[in-house]
Amino acid sequence: MVDTSCIRALKSKRCREIRAYDPDPFVVRFSVEARVVLDLEYSIPILEPGVWSRLSLTKDIERGAVGWAQHASLRASLKQINDADGKIVEELLYTQEKARTLYSFSAQDKQRLGQKASIRTENRAVYVEVPNDVDEKPAAD
């Protein structure tokens, strides 16, 4: 799925927070301004032809091919995409905010949504947490 939000990063900083369930000492936080936020059922599936064929990451890969996410290098955390693909995703999200096209979840999708979020690194899974509301002030310039 294409991310369900469009945000603009305001500031970034490293925090010295180590979580008991995750030995990774590098927690990355960004202060952001929400531009588009969609409920999950309005998420745009990346396999939609109008998405897949437009993104440089996927357009040369057979749609839905086994291992496509790995081949497109989308299995890494904090992956930077090029500006052109970013503009496409932003345009799709703004369009979806107005159109509100519903994309129903399969039984497998629903099961996966109930699982704890983790990112697979080279040698282990790292559990991630995205806070809903952070009581921090943005870092000064």
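The shown structure was predicted, so the numbers you read here are calculated from the model rather than taken from an experiment. (Residues numbered from 1 in each chain as written. Predicted model: local features only at pLDDT ≥ 70, side-chain atom pairs only at ≥ 80, totals over all residues. Heavy atoms only, no water.)

### A look at the overall build of the chain
Our working rule: Counting from the N terminus, the helices are the DSSP runs of H or I reaching at least four residues and the strands are the DSSP runs of E reaching at least two. In this scheme, a residue with accessible area under 20% of its type's maximum is buried, one over 50% is exposed, and one in between is partly exposed, where area comes from a 1.4 Å probe on protein chains only. Computed with the Shrake-Rupley method and a 1.4 Å probe, the accessible areas treat only the protein chains shown as cover for residues.
Along its length, the chain carries 4 helices and 4 strands. Helices and strands appear in the chain in the N-to-C order β-β-α-α-α-α-β-β. The 141 residues of the chain split such that 21% are buried. Carbon and sulfur atoms make up 50% of the accessible area of the chain, which amounts to about 10600 Å² in all.

### Examining the pattern of salt bridges
Which entries qualify depends on this criterion: We count a salt bridge whenever a side-chain nitrogen from Lys or Arg sits within 4 Å of a carboxyl oxygen from Asp or Glu.
As enumerated under the stated definition, the model contains 2 salt bridges in all. Here E91 makes a salt bridge to R54, at a shortest N to O gap of 3.2 Å. With E91 in helix α3 (residues 83-99) and R54 in the loop between α1 (49-52) and α2 (68-71), the pair connects residues that are 37 residues apart, well separated along the chain. A salt bridge links E90 to K87; the nearest nitrogen and oxygen atoms lie 3.9 Å apart. On the criterion of helical spacing, the pair formed by E90 and K87 is a turn pair, its members being 3 residues apart in helix α3. The class of E90 is partly exposed, set by a relative accessible area of 22%.

### Looking at the side chain of D85
To be explicit about the condition: Residues counted as positive are Lys and Arg, residues counted as negative are Asp and Glu, and His and the chain ends are not counted. For this analysis, residues touch if any pair of their heavy atoms sits within 4.5 Å.
Residue placement: D85 occurs in helix α3. One buried charged residue, D85, remains without a salt bridge, the closest side chain of opposite sign being K59 at 7.1 Å. Those residues in contact with D85 that sit more than four places away from it in its chain are R54, L55, S56 and L57.

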